[in-house]
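# Structure at a glance
Read off the chains here:
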Amino acid sequence: MLNDEERRIITEKAIEYGFGPHLAAYVRNACIYETLYKEDIEGRNEIIKIMSNYISIVNRIQYEQGLLTKKIMLSQGDIQMIKENNDLLHNEIKKLIKTIEKTLTIKCVKETKQKLDTK
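Summary of the structure given here. Since the structure is predicted, the reported quantities are computational estimates derived from the model, not experimental observations. In this convention, every chain numbers its residues from 1, walking through the sequence in written order. Residue-level local features of this predicted model are given only where pLDDT is at least 70; pairs of side-chain atoms are given and counted only at 80 or more, and the full residue set underlies all totals for whole chains, interfaces and linings. As a rule here, side-chain values come from all non-hydrogen atoms in the structure, and water together with hydrogens is ignored.

### As for the overall build of the protein
- Helix and strand assignments come from DSSP, with helices taken as H or I runs of at least 4 residues and strands as E runs of at least 2, each series counted from the N terminus. Along its length, the protein carries 4 helices and 2 strands.
- Along the protein, helices and strands appear, N-terminal first, in the series α-α-β-α-α-β.
- Relative to its 119 residues, the protein shows a buried fraction of 18%.
- Whether two residues are in contact is decided by their heavy atoms: any pair within 4.5 Å suffices. Considering only contacts in the protein between residues 6 or more positions apart, those separated by 24 or more positions represent 57%.
- Here the protein displays about 9800 Å² of accessible surface, and carbon together with sulfur accounts for 56% of that area. A 1.4 Å probe rolled over the protein chains alone gives each residue an accessible area, and that area as a share of the maximum for its type sets the label: buried under 20%, exposed over 50%, partly exposed in between. With residues, only the protein chains shown are counted as cover, and all accessible areas are computed by Shrake-Rupley using a 1.4 Å probe.

Laid out in C-alpha cells, this is it:
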C-alpha cells in the first residue's frame, strides 16, 4: 500500500513520463518491462513561432483565393496572384521542413534503473 506522499510522488513521475495519472501503466512499464523514456524537446518555441507565421500566410492566401473564386472571369493579374501564392506556399513548406529539421532536437534519454539494496 502507498501512503499519500508516495502516491503523489509516483503520480508526478507517471505524468512526467507521459503516462498521465495512470499509475498501473507507469508501474508496469517501470517495474516489469523497464521501458521508461523521457524526451527533452529543444527548439519548441522557435517551431511554434514559425508555425504561427505559416498559418497566417495560409489563411491570407485562402482568403484571397476565396475572393477570386467569386469572380466569373479571372484577369491576368488574378492568375499571376494565384501562381505567386502557390509558389509562396511551396517555399514556406520547404522552409518549414528545413527549419524543423535544423531547430528541433529531441533528446531521448533512457532512464537508468537503480537496484534496491536488499541487505
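Text resumes after the structure shown.
### Some remarks on the environment of Arg8
- Assignment of secondary structure puts Arg8 in helix H1 (residues 4-16).
- Separated by 13 residues in the primary sequence, Arg8 and Pro21 place their C-alpha atoms 9.8 Å from one another.

### Structural notes on helix H4 (residues 76-103)
- Here H4 spans 40 Å end to end across 28 residues, near enough to the 40 Å set by a 1.5 Å rise per residue.
- Looking only at H4, the buried set comprises Asp78, Asn85, Leu89, Glu92, Leu96 and Thr99.
- Considering only its buried residues, H4 is in contact with helix H3 (44-69). How far a helix is expected to stretch is found by multiplying one less than its residue total by 1.5 Å.

### Comments concerning the pattern of salt bridges
- Each reported salt bridge corresponds to a side-chain nitrogen of Lys or Arg within 4 Å of a carboxyl oxygen of Asp or Glu. Overall, the coordinates contain 5 salt bridges when judged by the stated rule.
- A salt bridge links Glu5 to Arg8, with the shortest nitrogen-to-oxygen separation between them at 2.5 Å. Taken together, the positions of Glu5 and Arg8, both in helix H1 and 3 residues apart, correspond to about one turn of that helix.
- Among the residues examined, Arg8 registers a relative accessible area of 38% and is labelled partly exposed.

### Observations concerning H3
- In this model H3 runs 37 Å from its N-terminal to its C-terminal C-alpha over 26 residues, within 8% of the 38 Å that 1.5 Å per residue would give.
- Taken together, the buried positions of H3 are occupied by Ile47, Tyr54, Ile57, Ile61, Glu64 and Leu68.
- Against H4 lie the buried residues of H3.

### Examining the environment of Leu88
- As for its placement among the helices and strands, Leu88 is situated in helix H4.
- Using a relative accessible area of 26% as the deciding quantity, one classes Leu88 as partly exposed.
- Separated by 30 residues in the primary sequence, Leu88 and Val58 have C-alpha atoms spaced 9.3 Å apart.

These figures capture arrangement, not role.
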